[in-house]
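Single-letter residue listing:
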Amino acid sequence: MRIGISNKKTKAGPKKAVLQTTEAQQKAAATKVGEGMSGNVVATMFAPKITDVSTQQAEKYAEELLAYEDATRTFSNESIVDDENLDSSDVPPEPNINSYLFGSVEAREEILAILSETSGHFTTVKKGGDPKWKVHANAAKFERLLDEKYGPFRPFISKHPEIEVF
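Residues numbered from 1 in each chain as written. Predicted model: local features only at pLDDT ≥ 70, side-chain atom pairs only at ≥ 80, totals over all residues. Heavy atoms only, no water.

Trainee: Can you break down the overall build of the protein residue by residue, with the values?
Mentor: When you go through the protein residue by residue, the secondary structure sums to five helices and zero strands. Traced from its N-terminal end to its C-terminal end, the protein shows the element sequence α-α-α-α-α. Scored against the burial criterion, the 166 residues of the protein give a buried share of 14%. Taking all contacts inside the protein whose residues are at least 6 apart in sequence as the whole, residues at least 24 apart take part in 50%. Accessible surface, the protein as shown: approximately 14,500 Å² in total, 59% of it carbon and sulfur. (Helix = DSSP H or I, 4+ residues; strand = E, 2+ residues; numbered from the N terminus. Buried < 20%, exposed > 50% of the residue type's maximum accessible area, 1.4 Å probe, protein only. Contact = heavy atoms within 4.5 Å. Areas by Shrake-Rupley, 256 points an atom, 1.4 Å probe, with all protein chains shown as cover.)

Structural data, given as structure tokens:
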């Protein structure tokens, strides 16, 4: 007891409820954010989707070609048997390859080459250790900083570097 102040009895208040965690929450708390993610978005996200679309379109075009071949075979067999009732409207239309973005093998190979070049641009490492895109980004940043610092006098400073004092 302090001088002039009496001891106060403390009251035990109601206990607070303890939050219950589920197994999923415990697993989520233990994992690192971004684990298993790749920085190469082109190779991990876009390439598989575009490859799937190109495969589906190529298969659909192949099915249409097979159906066209079957229809022309049956039409030619019927026309040999029955030359009198031959009508040009019975000829099946040929499937148009231009209606498919990835109908031909060349188009599929071209898009796969473009995707591999693009993903390679963002992941390849030069001898110095930085990817190509980072070197270009740093060069652009340097150029922007020079433009901000010197403004319209930048060509003059570039021609006469002895003027600038560091």
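Resuming the write-up.
Trainee: Lay out the nonpolar core with the relevant residues and their values.
Mentor: Of all hydrophobic cores here, the largest spans five residues; its members are Val42, Ala47, Phe102, Ile111 and Leu115. Of all elements in the fold, only α2 (41-81) and α3 (105-123) reach the threshold of two or more residues within this core. Sequence-distant contacts of Phe102, that is, excluding residues within four places in its chain, are made with Ile50, Val53, Ser54, Gln57, Ala58, Ala107, Arg108 and Ile111. (Core = buried A, V, L, I, M, F, W, Y, C linked by side-chain atoms within 4.5 Å.)

Trainee: Run through the pattern of salt bridges, naming residues and quoting values.
Mentor: A side chain with one charge may pair with a side chain of the opposite charge, provided their charged atoms come close. Inspection of every chain in the model, using the stated rule, returns five salt bridges. Residue Arg154 pairs with Asp147 through a salt bridge whose shortest N-O separation is 2.9 Å. Salt bridges sharing partners connect three or more residues here, namely Glu69, Asp70 and Arg73. (Salt bridge = Lys/Arg side-chain N within 4 Å of Asp/Glu carboxyl O.)

Trainee: Tell me what's going on with helix α4 (residues 132-150), and back it up with residues and numbers.
Mentor: Here α4 spans 27 Å end to end across 19 residues, near enough to the 27 Å set by a 1.5 Å rise per residue. Once α4 finishes, Gly151 follows within two positions and takes phi at roughly 60 degrees, a positive value. (Expected span 1.5 Å × (residues − 1).)

Trainee: Any chance you could break down a nonpolar patch on the surface for me, citing the residues and the numbers?
Mentor: Taken together, Val41, Met45 and Phe46 make up a surface patch of nonpolar side chains, about 270 Å² in accessible area. As for its position among the elements, Val41 is in helix α2. Accessibility expressed as a relative area gives 35% for Val41, which makes it partly exposed. (Patch = residues over 30% accessible without salt bridge, like charges linked within 9 Å, V, L, I, M, F, W, Y side chains within 5 Å.)

Trainee: Run through α3, naming residues and quoting values.
Mentor: With 19 residues, α3 extends 27 Å from end C-alpha to end C-alpha; this agrees with the ideal 27 Å at 1.5 Å per step. If you check which residues of α3 are buried, you get Ala107, Ile111, Leu115, Ser119 and Gly120.

Trainee: Requested: an account of the side chain of Ser119, with residues and values cited.
Mentor: If you trace the backbone, Ser119 turns up in helix α3. A distance of 3.1 Å separates a polar side-chain atom of Ser119 from the backbone oxygen of Ser116. Aside from chain neighbours lying at most four places away, what touches Ser119 is Asn40, Val42 and Ala43. (Polar contact = N/O pair within 3.5 Å; in protein donor to acceptor, adjacent residues only side chain to side chain.)

Trainee: Let's hear about the environment of Ser119: which residues, and what values?
Mentor: Exposure remark for Ser119: the relative accessible area of 12% places this residue in the buried category. Separated by 79 residues in sequence, Ser119 and Asn40 place their C-alpha atoms 6.4 Å apart.

Trainee: Break down the side chain of Ser54 for me, with residues and values.
Mentor: The topology assignment puts Ser54 in helix α2. Residue Ser54 is classed as buried on the basis of its relative accessible area of 1%. For Ser54, the side chain forms a polar contact with the main-chain oxygen of Thr51, separated by 2.8 Å. Look past the residues within four positions of Ser54 in its chain and what remains in contact with it is Phe102 and Arg108.

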